[in-house]
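If you want the building blocks of each chain, they are given just below.
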Amino acid sequence: MSIVTLQLGQCGNQIGFEVFDALFSDSHCPQRLCSKRENEAYQASCKERFFSEEENGVPIARAVLVDMEPKVINQTLLKAAQSGRWKYGQHSGFCQKQGSGNNWAYGYSVHGPRHEEPILNLIQKEAEKCDSLSGFFIIMSMAGGTGSGLGAFVTQNLQDQYSSSLKMNQIIWPYGTGEVIVQNYNSILTLSHLYRSSDALLVHENDAVHKICAKLMNIKHISFSDINQVLAHQLGSVFQPTYSAEGSFHYRRNPLGIDWQVRPPLSGLPTLGKTSLNKELHFNTSIANLLILRGKDVHSADLGGFKDPALYTSWLAPDNAFNVWKTQRAFSKYEKSAALVSNSQFLVKPLDVIVGKAWNMFASKAYIHQYTKFGIEEEDFLDSFTLLEQVVASYRNL
Amino acid sequence: MLTKQRGPGGPAPSRYGNEETPVHVHGFLTEKLSLNLDKSVTTSATCGSSVTYGTSAPSESAVGEPGGCEGRRGLPRSLGWPPCSMTQSVVVQGKLRVEGGTPLARSQAASFATNVRSVSFLSLFLSLIAVGQCGNQIGCCFWDLALREHAAVNQKGIYDEAISSFFRNVDTRVVGDGGSISKGKICSLKARAVLIDMEEGVVNEILQGPLRDVFDTKQLITDISGSGNNWAVGHRVFGNLYQEQILEKLRKSAEHCDCLQCFFIIHSMGGGTGSGLGTFLLKVLEDEFPEVYRLVTSVYPSGEDDVITSPYNSILAMKELNEHADCVLPIDNQSLFDIISKIDLMVNSGKLGTTIKPKSLVTSSAGASKKRQEKPFDAMNNIVANLLLNLTSSARFEGSLNMDLNEISMNLVPFPQLHYLVSSLTPLYTLADVNIPPRRLDQMFSDAFSKHHQLIQADPKHNLYLACALMVRGNVQISDLRRNIERLKPSLQFVSWNQEGWKTSLCSVPPVGHSYSLLALANNTCVKPTFVELRERFMRLYKKKAHLHHYLQIEGMEESCFTEAVSSLSALIQEYNQLDATKSMPVEDLPRLSIAV
């Protein structure tokens with residue numbers, strides 16, 4: 001089954017390139033730690049998901065590139081083509097001349113409707129190329145105008161048009177100390193809209209990845225390229241094929257097929273008072289964890305620690321909340337590697353901080369005129385705040 | 001690779017305006033190819049490519065000749081085109097032979113065969129309008145710098161996206177309009193500029209100087225009598241007289257653009273033309289092009305200004321700036337002069353191992369006026385020209401964190417009336433023709449906040465920030481930026497609701513001859529003293545009704561114009577006062593919405 005990737009805005013396009021590059025490099029990595037036949041199955045699975053066939057054998061990424069100004073897309077297309085190993089489709093890019101000006105309202109209310117048709121046509125073409133479409137992977141940032149506003153608009157449209165396909169949004173959380181002054185507004189508007197139309201929000205914080213580059217990788221002068229490569233590495237290790245069931249040697253067909261739905265217990269959630277007294281927030285409670293193991297000795301790994309009930313909220317049994325995927329095939333020349341995708345309280349604090357800052361700014365009405373100019377009114381802001389406060393509260397009460 | 005798509009491949013191809021079968025060419029060239037054309041055609045390069053063209057028969061593969069300037073002329077009028085794909089354009093009519101590049105590229109391009117025509121030229125434009133003596137002198141410096149910057153960056157002489165933002169590529173062999181050539185080798189560059197002055201002196205000098213070919217004579221509006229340092233003459237008399245002409249020139253200039261993003265207006269506040277006619281222009285632009293940003297660079301009169309009525313002119317102009325400009329960058333001569341003095345000191349001290357650069361770029365503009373006698377204002381004007389170049393660099397050139405011009409207003413203007421931005425350019429030596437070994441990168445950031453580096457008399461460090469933008473050029477990474485923000489933050493005061501009010505951009509292309517540079521734009525209450533002082537100077541004159549009759553004798557001018565203007569300024573000052581009052585208050589988080597779970 002295939003995934004169609006949607007790269008939106010400068011961030012989305014820059015990251016998207018690194019992701020495809022990482023996937024391709026891993027797929028053709030010489031050290032595999034597995035049999036040749038195994039490797040071929042892996043490669044075929046990876047290919048089916050992310051690349052389509054081209055006459056002269058150069059794989060084409062299953063991607064649609066969208067930006068409201070041309071420089072980044074041009075560069076991205078060029079870089080891919082120059083690599084000679086894979087590339088983007090010739091007609092898979094859509095761009096305009098004038099950006100969104102870091103304005104969520106402009107991206108959502110002006111660019112969205114104006115360019116709805118050509119963008120959705122591009123997506124449809126790409127989707128039709130797939131034998132079987134698993135879903136969409138949308139890469140965007142929250143802080144800017146195109147990724148955030150247009151991203152929210154497009155996701156909503158995909159919800160309507162492709163309701164049976166999964167939509168996963170990869171969201172980049174901006175640095176706490178400004179990249180964009182109105183980033184908090186853009187973030188809350190994005191998140192509140194995506195909450196209604198996306199199936200899963202996969203979050204990466206620039207601050208966190210930056211720390212990885214600085215502390216774990218000891219890079220002296222960290223550039224966005226470094227950050228994007230770390231991100232791509234993480235995403236690659238999540239998306240590359242794994243076995244579909246314990247012991248089986250077929251690669252799972254549906255890459256996004258985690259059971260994303262979290263079902264609260266039939267008896268209803270426990271009342272507030274009790275749980276919040278017992279659990280302090282220093283212990284991160286999860287609703288779901290997915291562990292992905294690749295490489296040597298995957299089958300003998302001891303996973304007991306992940307099944308500790310203390311890790312999970314009281315109304316979930318660890319067996320329901322914990323999943324593990326494995327493959328013997330090593331990822332990107334790492335003899336052993338592990339990735340953890342977690343739906344937990346980890347993001348409550350950052351989210352709370354963003355909502356708080358946006359709220360303070362909103363109270364003074366700063367910058368609001370820039371949004372009302374394009375049809376996003378104060379009520380829309382209030383709706384967003386309400387929704388996100390609910391999210392924060394729900395997670396806090398796990 | 002070059003590819004073609006025949007027939008109505010995309011949405012509504014027939015809009016691409018010629019009577020033959022319209023075909024789109026999408027794609028980009030990734031290697032150097034020579035296209036030898038049997039017939040003369042209009043050709044163009046696509047972004048990111050390096051294509052050279054030959055014009056004639058295969059035997060004469062003249063690489064480097066401009067591709068067919070005969071043939072189909074001009075572009076269809078592009079206003080109202082909804083560009084719906086990102087094609088870069090065009091090519092060829094007739095047989096095409098391809099040489100060079102890899103076999104793969106050649107076969108791809110060759111399968112591209114004959115009778116392919118097409119279209120599309122997406123461009124983003126910035127248009128510069130210089131009004132009055134000061135405005136035009138600065139404007140001239142700007143164009144000189146812009147040309148030199150593009151010449152240094154664009155070594156192959158291909159008319160690319162970056163150049164197209166400020167210049168049109170025109171074939172001057174064709175009579176009449178000199179229709180624009182899409183892309184390809186640069187034939188002749190015309191600045192996207194409109195020059196307005198009510199005296200002929202400065203504009204004439206420009207037209208006789210080395211930059212004469214850069215300006216389209218049809219983009220000038222001049223008169224002979226001048227405005228007599230009288231805002232009312234500039235605004236009302238000349239405004240009325242030239243309104244139609246101005247509109248016409250502007251429309252013409254906009255017609256050549258698919259997407260006009262911003263008007264840059266340069267003028268001074270203290271005189272008559274720049275001040276009066278310049279601000280009249282703002283209203284016209286707002287009505288005619290409401291979607292296009294109006295960014296105004298205004299030179300405010302210094303304390304020892306020699307024009308007696310400059311306070312009147314400035315206050316009357318301020319009202320217009322308050323109401324009709326999107327963003328104003330105030331500058332004053334004293335600050336520019338101080339900066340020049342500092343640079344001279346650095347150079348003459350000889351301590352830092354400075355050497356005079358052989359190839360000048362900056363303070364001594366080789367192009368603008370008579371070479372040997374440097375007029376005192378030349379060096380100062382170059383600083384302002386650099387400001388504009390750096391402001392637009394991230395929109396023109398690539399980088400890892402781009403910043404368009406509309407992002408300036410979005411991020412730096414929290415309330416519509418507070419749109420005055422204090423600017424600083426560092427390191428100073430990027431403003432001089434000197435080779436100073438680069439000091440620590442961090443020094444550049446520190447200097448940006450010092451009151452000695454601001455382009456008006458202002459001290460941002462000791463006042464309140466509403467927002468701040470850092471636009472970096474050159475070999476600087478995000479970690480350098482972040483480190484410096486973290487380092488400097490504690491010494492700066494930001495308004496309570498915008499504690500992390502930073503907007504950042506990284507452009508990969510440095511200013512010519514240097515490794516990096518920084519432009520800082522601050523929306524800060526430190527502009528207030530300039531306005532307060534202006535008001536005081538105004539009141540000193542106005543109380544005595546000195547020189548008032550010169551203004552009142554102009555039709556439409558009454559005393560109420562003055563009182564309204566001064567109260568507009570007072571209201572603005574009051575806004576800044578209110579913000580300053582919050583400076584020492586503790587920052588508290590407001591109570592949040594409470595939700596029933």
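Because the structure is predicted, anything quoted here is derived from the model rather than measured.

### As for the packing of helix α1 (residues 9-27) of chain A against helix α3 (residues 70-83) of chain A
All names here are of chain A.
Here is step 1 of the chain: Packing of α1 against α3 brings their axes to within 9 Å, and their N-to-C directions diverge by 5°. Compared by their axis directions, α1 and α3 come out roughly parallel. Across the interface between the two elements, Gln10, Asn13, Gln14, Phe17 and Glu18 of α1 pack against Val72, Ile73, Thr76, Lys79 and Ala80 of α3.
Here is step 2 of the chain: Tallied by class, the residues present in the contact of α1 with α3 amount to four nonpolar, four polar and two charged.

### Quick word on the pattern of salt bridges
In a structure, side chains of opposite charge can pair up when their charged atoms sit close to one another.
Here is step 1 of the chain: Inspection of every chain in the model, using the stated rule, returns 28 salt bridges over all chains.
Here is step 2 of the chain: Measuring nitrogen to oxygen at the nearest pair gives 3.8 Å for the salt bridge that ties A:Asp297 to A:Lys336. A residue pair is termed long-range when its members are at least 10 positions apart, and A:Asp297 in the loop between β10 (286-295) and α10 (318-321) and A:Lys336 in strand β12 (residues 336-344) qualify at 39 residues.
Here is step 3 of the chain: Where B:Arg483 meets B:Asp442, a salt bridge forms, and the shortest distance between an N and an O atom there is 2.8 Å. Taken together, the positions of B:Arg483 in helix α12 (residues 478-488) and B:Asp442 in helix α11 (residues 441-448) put the pair 41 residues apart, joining distant regions of the chain.
Here is step 4 of the chain: Residue B:Arg483 is classed as partly exposed on the basis of its relative accessible area, which comes to 35%.
Here is step 5 of the chain: B:Asp442 sits in the buried class, given a relative accessible area of 11%.
Here is step 6 of the chain: Residues joined by salt bridges that share partners form a network here, namely A:Asp352, A:Glu389, A:Arg396 and B:Arg592.

### Brief notes about the environment of B:Val476
Residues and elements named next belong to chain B.
Here is step 1 of the chain: Along the chain, the position of Val476 falls in the loop between β19 (464-474) and α12.
Here is step 2 of the chain: Note on Val476: relative accessible area 4%, which makes it buried.
Here is step 3 of the chain: Val476 sits 76 residues away from Ser400 along the chain, and the two C-alpha atoms are 10 Å apart.
Here is step 4 of the chain: Ignoring any residue separated from it by four or fewer positions in sequence, one finds Val476 in contact with Leu441, Leu506 and Tyr516.

### Some thoughts on the domain arrangement of chain A
Residues and elements named next belong to chain A.
Here is step 1 of the chain: The domain architecture assigned to chain A consists of domain 1 (2-239) and domain 2 (349-397).
Here is step 2 of the chain: Look at where the C-alpha atoms of domain 1 and domain 2 centre, and you get two points 26 Å apart.
Here is step 3 of the chain: Taken together, the contact pairs 24 residues of domain 1 with 24 residues of domain 2.
Here is step 4 of the chain: Considering only the surface of domain 1 that becomes buried against domain 2, Asn184, Tyr185 and Ile188 emerge as the three largest contributors, covering 34% of it.
Here is step 5 of the chain: There are seven residue pairs in polar contact (both at pLDDT 80 or more) connecting domain 1 and domain 2.
Here is step 6 of the chain: Broken down by secondary-structure element, the contributors of at least two residues to the side of domain 1 that touches domain 2 are α4 (104-129) and α6 (183-197).
Here is step 7 of the chain: Among the elements that take part in the side of domain 1 that touches domain 2, α6 stands out by supplying ten residues, more than any other.
Here is step 8 of the chain: For the side of domain 1 that touches domain 2, a count of residues per class yields 14 nonpolar, eight polar and two charged.

### Concerning the sheet that holds strand β5 (residues 87-88) of chain A
Residues and elements named next belong to chain A.
Here is step 1 of the chain: Here three strands make up an open sheet; going across it, the order is β2-β3-β5 and the pairing mixed. The open sheet has two edge strands with one neighbour each: β2 (51-52) and β5.
Here is step 2 of the chain: Where strand β3 (residues 60-61) and β5 come together, two bridges link them in parallel fashion. By the bridge assignment, Ala61 is partnered in β5 with Tyr88.

### Structural notes on the state of the cysteines
Here is step 1 of the chain: Enumeration according to the criterion identifies zero disulfides over all chains in this entry.
Here is step 2 of the chain: Between B:Cys468, a cysteine without a disulfide, and B:Cys526, which holds the nearest cysteine sulfur, the sulfur-to-sulfur distance is 10 Å.

### Things to note about the sheet that holds strand β11 (residues 322-327) of chain A
Residue and element names in this part refer to chain A.
Here is step 1 of the chain: Within the open sheet, the three strands sit side by side as β11-β10-β12. Their pairing is mixed. Both outer strands of the open sheet, β11 and β12, are each paired with one neighbouring strand and no more. Direction aside, neighbouring strands of the sheet carry axes that sit 10° apart on average.
Here is step 2 of the chain: Note that β10 and β12 share nine bridges and pair antiparallel. Paired with Ala288 across the strands is Asn343, a residue of β12.
Here is step 3 of the chain: The strands touched by helix α8 (residues 224-239) within the sheet are β10 and β12, with β10 carrying the most contacts at an inclination of about 90°.

Basis of the calculations
- Residues numbered from 1 in each chain as written.
- Chains lettered and ligands numbered in written order.
- Predicted model: local features only at pLDDT ≥ 70, side-chain atom pairs only at ≥ 80, totals over all residues.
- Heavy atoms only, no water.
- Axes fitted to C-alpha atoms, helices over the stretch in contact; angles between N-to-C directions.
- Helix = DSSP H or I, 4+ residues; strand = E, 2+ residues; numbered from the N terminus.
- Parallel < 35°, antiparallel > 145°, perpendicular 65-115°, else oblique.
- Contact = heavy atoms within 4.5 Å.
- Nonpolar A, V, L, I, M, F, W, Y, C, P; charged D, E, K, R; others polar.
- Salt bridge = Lys/Arg side-chain N within 4 Å of Asp/Glu carboxyl O.
- Buried < 20%, exposed > 50% of the residue type's maximum accessible area, 1.4 Å probe, protein only.
- Domains from an automatic or database assignment.
- Buried area = accessible area lost by both parts, 1.4 Å probe.
- Polar contact = N/O pair within 3.5 Å; in protein donor to acceptor, adjacent residues only side chain to side chain.
- Pairing = 2+ DSSP bridges.
- Disulfide = S-S within 2.5 Å.

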